[in-house]
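Take a look at the letters that make up each chain.
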Amino acid sequence: GAGVSQSPRYKVAKRGQDVALRCDPISGHVSLFWYQQALGQGPEFLTYFQNEAQLDKSGLPSDRFFAERPEGSVSTLKIQRTQQEDSAVYLCASSLAREWAGELFFGEGSRLTVL
Amino acid sequence: DAKTTQPPSMDCAEGRAANLPCNHSTISGNEYVYWYRQIHSQGPQYIIHGLKNNETNEMASLIITEDRKSSTLILPHATLRDTAVYYCIVRVEFKAAGNKLTFGGGTRVLVKP
């Protein structure tokens, strides 16, 4: 497709389970971002990749959160031992250039509900 | 990146112009003003950006005051599909690693028939 694709769109997990969220960025986009959006709040930055290099992971809330982009295209956000406070929409965004981030293209997000 | 202040919500009438204000009194000379919007259940969508000159595209117009401490996003003829949360963000255009956009709370705009 032409846009950023995320899967699954919806995920329900029991507390303590591990989850993996996938992002397919726009082909050729160098930069990839993950954001977390709690209900009624603006998106909060989690981590940033430039090709396969994770250059900024300052927003990851704990060591239970891990992201990778091994071949510089598809990225996976993994959450281990999920907690109720992890319930949120996880947004992926990509952009063409390394430094220019004016226009980020966002996916529709993966809504995670932890019971 | 400079902090922005937006009203939490506003209503506007379908077919009329919607004027969305944003204060960014601590903006630096090399920081741009960006606007994104987020329609319900979708990811944010880029609208427009500018440095100091007014900008217009097919979606909206951006008016930046001469002192650059505030700006207004104008949707010229609001439609029901413009109902969304609108985010005003300021940041430098070019930045090395860590060139993330920082979203605030935004303005929840409801376009009414």
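The structure displayed is predicted, hence computed values, not measured ones. Throughout this description, residue numbers start from 1 for each chain and increase along the sequence as written. Chains carry letters and ligands carry numbers; both start at the beginning, A for chains and 1 for ligands, and go up in the order they are written. Predicted model: local features are reported for residues with pLDDT of at least 70 only, side-chain atom pairs are reported and counted for 80 or more only, and whole-chain, interface and lining totals are derived from all residues. Hydrogens and waters are ignored; side-chain quantities use all the structure's heavy atoms.

Caption draft 1: Fine view of the sheet that holds strand β1 (residues 5–7) of chain A. All names here are of chain A. If you walk across this open sheet you meet the 4 strands as β1-β3-β8-β7, and the pairing is antiparallel. The open sheet terminates on both sides in strands that have one partner only, identified here as β1 and β7 (65–68). Between one strand and the next, the sheet's axes are offset by a mean angle of 15°, whatever the strand orientation. We call two strands paired when DSSP finds no fewer than two bridges between them. Helix numbers and strand numbers start at the N terminus; a helix is a DSSP run of H or I with at least 4 residues, a strand a run of E with at least 2. As paired strands, β1 and strand β3 (residues 19–24) are joined by 3 bridges and run antiparallel to one another. Following the sheet pairing, Gln6 is matched in β3 by Cys23. To get an axis, a line is fitted to the C-alpha atoms, and for a helix only the part in contact is used. The angle between two axes follows their N-to-C directions and goes from 0 to 180 degrees.

Caption draft 2: Spatial organisation of the nonpolar core. Residues enter a nonpolar core if they are buried and are Ala, Val, Leu, Ile, Met, Phe, Trp, Tyr or Cys, with the set joined through side-chain atoms within 4.5 Å. Burial classes: relative accessible area under 20% of the type maximum marks a residue as buried, over 50% as exposed, and values in between as partly exposed (1.4 Å probe, protein chains only). Judged by nonpolar contacts, the single largest core of 22 residues is most densely connected at B:Leu20, B:Val33, B:Trp35, B:Ile47, B:Leu73, B:Tyr86 and B:Val109. Looking at this core, the elements that each hand over two or more residues are β1 (9–13), β2 (18–23), β3 (31–38), β4 (45–50), β6 (61–64), β7 (70–75), β8 (84–92) and β9 (107–112) of chain B. Ignoring anything within four residues of it in the chain, the contact list for B:Leu20 reads B:Met10, B:Trp35, B:Ser71, B:Thr72, B:Leu73, B:Tyr86 and B:Val109. Grouped together as the second largest cluster of nonpolar side chains are 20 residues, A:Leu46, A:Leu77, A:Leu112 and A:Val114 included. The contact criterion used is simple: two residues touch if any of their non-hydrogen atoms lie within 4.5 Å.

Caption draft 3: Structural context of unusual backbone geometry. Each neighbour pair has its own omega, and for A:Ser7 with A:Pro8 the value is -10°, a cis peptide bond. Structurally, A:Pro8 is set in the loop between β1 and β2 (10–13). Backbone geometry at A:Arg81 places phi at a positive 45°, although glycine is not the residue there. Mapped onto the secondary structure, A:Arg81 falls in the loop between β8 (75–79) and β9 (88–95). Residue A:Arg81 is classed as partly exposed on the basis of its relative accessible area of 43%. You will see that B:Ser41, though not glycine, has its phi angle at about 65°, which is positive. Along the polypeptide, B:Ser41 turns up in the loop between β3 and β4.

Caption draft 4: Main features of the pattern of salt bridges. Residue and element names in this part refer to chain A. Salt bridge, as applied in this entry: a Lys or Arg side-chain nitrogen positioned within 4 Å of an Asp or Glu carboxyl oxygen. One pass over the full model with this rule turns up 6 salt bridges over all chains. Residue Asp86 is joined to Arg64 by a salt bridge in which the shortest nitrogen-to-oxygen separation is 2.8 Å. Here Arg64 lies in the loop between β6 (53–56) and β7 and Asp86 lies in the loop between β8 and β9, a separation of 22 residues in the sequence. You'll find Asp86 and Arg64 in the same group, each marked buried. Note that Lys78 is salt-bridged to Glu68, the shortest N-O span being 3.4 Å. With a gap of 10 residues between them, Lys78 in strand β8 and Glu68 in strand β7 connect regions that are remote in the sequence.

Caption draft 5: Inspection of the state of the cysteines at higher detail. Residues and elements named next belong to chain A. Sulfur atoms of two cysteines make up a disulfide when they are within 2.5 Å. All told, the structure shown has 2 disulfides over all chains when counted by the stated rule. With a sulfur-sulfur separation of 1.9 Å, Cys23 is cross-linked through a disulfide to Cys92. What sets the handedness of the Cys23 and Cys92 disulfide is the S-S torsion sign, and at about -65° it is left-handed. Note that Cys23 is positioned in strand β3 and Cys92 in strand β9, a separation of 69 residues in sequence. Take Cys23 and Cys92: they sit in the same class, and that class is buried.

Caption draft 6: A look at the side chain of B:Glu31. Residues and elements named next belong to chain B. As for its position among the elements, Glu31 is in strand β3. Comment: no salt bridge for buried Glu31; closest opposite-charge side chain is Arg68, at 6.1 Å. Only 2.8 Å separates the side chain of Glu31 from the backbone nitrogen of Ser28, close enough to count as a polar contact. His is not counted here, nor are the chain ends, while Lys and Arg score as positive and Asp and Glu score as negative. Under this definition, polar contacts are N or O atom pairs within 3.5 Å; protein pairs additionally need one hydrogen-donor-capable and one acceptor-capable atom, and for neighbouring residues in sequence, both atoms have to be side-chain atoms.

Caption draft 7: Examining the pairing of β1(B) more closely. Residues and elements named next belong to chain B. Because side chains alternate across β1, one face comprises the buried residues Met10 and Cys12, and the other comprises Ser9, Asp11 and Ala13, none of which is buried. Both β1 and β9 contribute to a ladder of 5 bridges, which runs parallel. Directly across from Met10, in β9, lies its bridge partner Val109.

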